[in-house]
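The chain contents come next:
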Amino acid sequence: MSINIGNICVDTNDLAGSATFWRAVTGYRVASSDEGTAYLEDPSKVGIGLSLQLVPETHSGKNRLHLDLFTDDMAGEVIRLQGLGATEVMRFDNDGWVVLADPDGNQFCVVSA
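Residues numbered from 1 in each chain as written. Predicted model: local features only at pLDDT ≥ 70, side-chain atom pairs only at ≥ 80, totals over all residues. Heavy atoms only, no water.

### Remarks on the overall build of the protein
The helix and strand inventory of the protein stands at two helices and eight strands. Its C-alpha atoms give the protein a radius of gyration of 14 Å, within 12% of the compact-globule value 13 Å for 113 residues. By principal-axis analysis of the C-alpha atoms, the protein measures approximately 40 × 35 × 30 Å. In the protein, which comprises 113 residues, the proportion classed as buried is 35%. Taking the intrachain contacts of the protein between residues at least 6 apart in sequence as the baseline, contacts between residues at least 24 apart amount to 51%. Only carbon and sulfur atoms are counted for the fraction: they give 53% of the accessible area of the protein, which is about 7000 Å². For the protein, the centre of its 7 positive side-chain charges and the centre of its 16 negative side-chain charges are spaced 3 Å apart. (Helix = DSSP H or I, 4+ residues; strand = E, 2+ residues; numbered from the N terminus. Rg over C-alpha atoms; globule rule 2.2 N^0.38 Å. Buried < 20%, exposed > 50% of the residue type's maximum accessible area, 1.4 Å probe, protein only. Contact = heavy atoms within 4.5 Å. Areas by Shrake-Rupley, 256 points an atom, 1.4 Å probe, with all protein chains shown as cover. Lys, Arg positive; Asp, Glu negative; His and termini not counted. Charge placed at Lys NZ, Arg CZ, Asp CG, Glu CD.)

### Quick look at the packing of aromatic side chains
Under the defined criterion, the tally for this structure stands at four aromatic pairs. Each ring, one from phenylalanine 21 and one from tryptophan 22, has its centre 5.2 Å from the other, and the planes form 90°; the classification is edge-to-face. Assigned by exposure class, phenylalanine 21 and tryptophan 22 land together as buried. (Phe/Tyr/Trp six-rings, centres within 6.5 Å; stacked < 30°, edge-to-face > 60°.)

### Focus: the environment of glutamate 57
Mapped onto the fold, glutamate 57 is located in the loop between β4 (49-54) and β5 (67-71). As a C-alpha pair, glutamate 57 and asparagine 13 span 44 residues in sequence and 7.4 Å in three-dimensional space. Sequence-distant contacts of glutamate 57, defined by excluding residues within four places in its chain, comprise Asp11 and Asn13.

Pasting the structure below:
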């Protein structure tokens, strides 16, 4: 196949705040930015890129697409991410994941690897 996912884009109402949050979550760095978009990349160039796009509308309803973040320390990472401003949406401890929302309300999962 000659196609692959190179980047995932997340809508935000606060570009600077969202960039700060997602940089802290992922350890990515800002590769480039302008007045409406920030492009974050894995410093090792191995992970898929994450871009943040400034939009006028606020988040409403369930995401149609979300990130699954895998970790060996789910409980510790959930606490760390909540300290960065994430909020818990739903917990599936028996299945090994927790649904969180970023400060804009975009949901993502922290999954026990």
